[in-house]
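# Structure at a glance
Each chain, written out:
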Amino acid sequence: MQLQNDLLVRAAQGKETERTPVWLMRQAGRILPEYRKVREAARDFKTLVKTPELAAEVTLQPVDILGVDAAIIFSDILVIPEAMGLNYEMEENKGPVFPNRISSAADIKRLHVASPDELRYVTDAISLTKHELNGRVPLIGFAGAPWTIFSYMIEGGGSKTFSRAKKVLYTQPVFSHQLLEMIAQSTIHYLKAQIHAGADIVQVFDSWAGILSPAQYREFSLPYIRKICDAIQEVPTIVFAKGAFFARPEMNMLPCNVVGLDWNMGIAESRIQMPDKVLQGNLDPCALYGSLDDVKRETKRMLDEFGSQKHIANLGHGLYPDIEVDKVRCFIDTVKEYSVSMRLKAG
Ligand code: CP3
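Reading guide: rules and limits
- Residues numbered from 1 in each chain as written.
- Predicted model: local features only at pLDDT ≥ 70, side-chain atom pairs only at ≥ 80, totals over all residues.
- Heavy atoms only, no water.
- Helix = DSSP H or I, 4+ residues; strand = E, 2+ residues; numbered from the N terminus.
- Polar contact = N/O pair within 3.5 Å; in protein donor to acceptor, adjacent residues only side chain to side chain.
- Axes fitted to C-alpha atoms, helices over the stretch in contact; angles between N-to-C directions.
- Parallel < 35°, antiparallel > 145°, perpendicular 65-115°, else oblique.
- Contact = heavy atoms within 4.5 Å.
- Core = buried A, V, L, I, M, F, W, Y, C linked by side-chain atoms within 4.5 Å.
- Buried < 20%, exposed > 50% of the residue type's maximum accessible area, 1.4 Å probe, protein only.
- Phe/Tyr/Trp six-rings, centres within 6.5 Å; stacked < 30°, edge-to-face > 60°.
- Lys NZ or Arg CZ within 6 Å of the ring centre and 35° of its normal.

### Looking at the side chain of glutamate 82
With respect to the helices, strands and loops of the structure, glutamate 82 is situated in helix α5 (residues 79-84). Polar contacts involving the side chain of glutamate 82 include one to the side chain of lysine 50, which spans 2.9 Å.

This is the structure in structure tokens:
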């Protein structure tokens, strides 16, 4: 099906676009009252993720309500460890918990490389969403980067320091590589299945990249992201590695199309270090706590710095749950209006 608005896909391919496309990480869920209603009706988070009709419904909400240039499929990065054999629970007001975390090579016997059949609920949600989108905007598929998934499997949940996961990298490097490889293979099968079901572009989230030293990042994260990007040639790929400012020159060498910047990564400096990539980002989500005038000013400042090409507007990380919908809409509208006013000026 031909996309009516294919700005995101064209921008990701490095093509010229009439305006900068805009979407937001964590746009589905979190801030919308319409999401909370569906979330309350479904018993819990996992039911929502595993019921394609509901997942499709909340995926479409930001397209209808906020006017973003892309939908991102409603799911979670933690569906991969679950499909590999490690169950997780999403605890209210606490986040994910793995009752049986992994700590040594012996535990690998409990795991397997995930097959797309085990994630049918995600690919079904993608097919349904594509049908309901009817070509309005592209659909983004996603997965966690192997290091970020590894860290949840070893920690058994979130952590401030991720010291347990880092300890395993230092003390059991062979086992670490074994597990990272299993995650990477699972992720490749999974992303290919998402693309087969209709994802127009995919993003890899390395949310805990910044926890690692540059040397550890080079050894335990980048090679697996590279494997994933090498395997995905069907659609454009975005790599978002939060906190990996030190790895920008190496990210420029990755076989991906787009690199996501967090708000700590200077824009001009990132352009110099990653001349071959389309850049995505990078307004501090907390800037959306300001007044509408503040949001407009900060968004324009960001757009001025990126310039109007080879850029996909986004935040430097996901939206926080208590950010007001009006501020989010202001961010999106400012991007759209800015591009129009630039064109008028140029013409
Ligand atoms: O971007 C989107 O809107 C699509 C949906 C999406 C979710 N999680 C839904 C979700 C995406 C892309 C994710 C990715 C994800 N999940 C990441 C990487 C992105 C990032 O923010 O760095 C990570 C680290 C996770 C793991 C995770 N899932 C945590 C730590 C939590 C609890 C805290 C929270 O609210 O984010 C989740 C739960 C989760 N995933 C929710 C949503 C909407 C909240 C659950 C609820 O509705 O109660």
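### Overview of the packing of helix α2 (residues 33-41) against helix α4 (residues 52-66)
Between α2 and α4, the least distance of the axes is 10 Å, while the angle of their chain directions is 170 degrees. Considered as vectors, α2 and α4 are oriented roughly antiparallel to each other. Along the contact surface, α2 presents Glu34, Tyr35 and Val38, while α4 presents Leu54, Glu57, Val58, Gln61 and Ile65.

### Description of the nonpolar core
Residues Phe150, Leu179, Tyr217 and Phe331 are the most contacted members of the largest nonpolar core, which totals 125 residues. In terms of residue count, the dominant contributor to this core is helix α9 (residues 173-197) (11 residues). If near-sequence neighbours (up to four positions away) are discounted, phenylalanine 331 is found in contact with Val22, Leu24, Leu283, Leu288, Val295, Thr299, Met302, Asn314 and Leu315.

### Section: the packing of aromatic side chains
Given two aromatic rings, their pairing is described by the distance between the two centres and the angle made by the two planes. Taken as a whole and judged by the stated rule, the model has 10 aromatic pairs. Aromatic pair phenylalanine 205 and phenylalanine 240: ring centres 6.4 Å apart, planes at 80 degrees, arrangement edge-to-face. Of the two residues, phenylalanine 205 is situated in strand β5 (residues 201-206) and phenylalanine 240 in strand β6 (residues 237-241); the sequence distance between them amounts to 35 residues. Both residues of the pair, phenylalanine 205 and phenylalanine 240, count as buried. Look at tyrosine 217 and phenylalanine 246: their rings are 5.7 Å apart centre to centre, the planes differ by 85 degrees, and that puts the pair in the edge-to-face class. Within this pair, whereas tyrosine 217 is found in helix α10 (residues 214-231), its partner phenylalanine 246 is found in the loop between β6 and α11 (248-251), the two being separated by 29 residues in sequence. For tyrosine 217, a relative accessible area of 0% gives the class buried. The rings of Tyr35, Phe45 and Phe74 are connected pair by pair, giving a single aromatic cluster. The ring of tyrosine 88 has lysine 46 sitting right over it, with the charged end atom 4.4 Å from the ring centre. Lying over the aromatic face of tryptophan 263, lysine 242 brings its terminal NZ or CZ to 4.6 Å of the ring centre.

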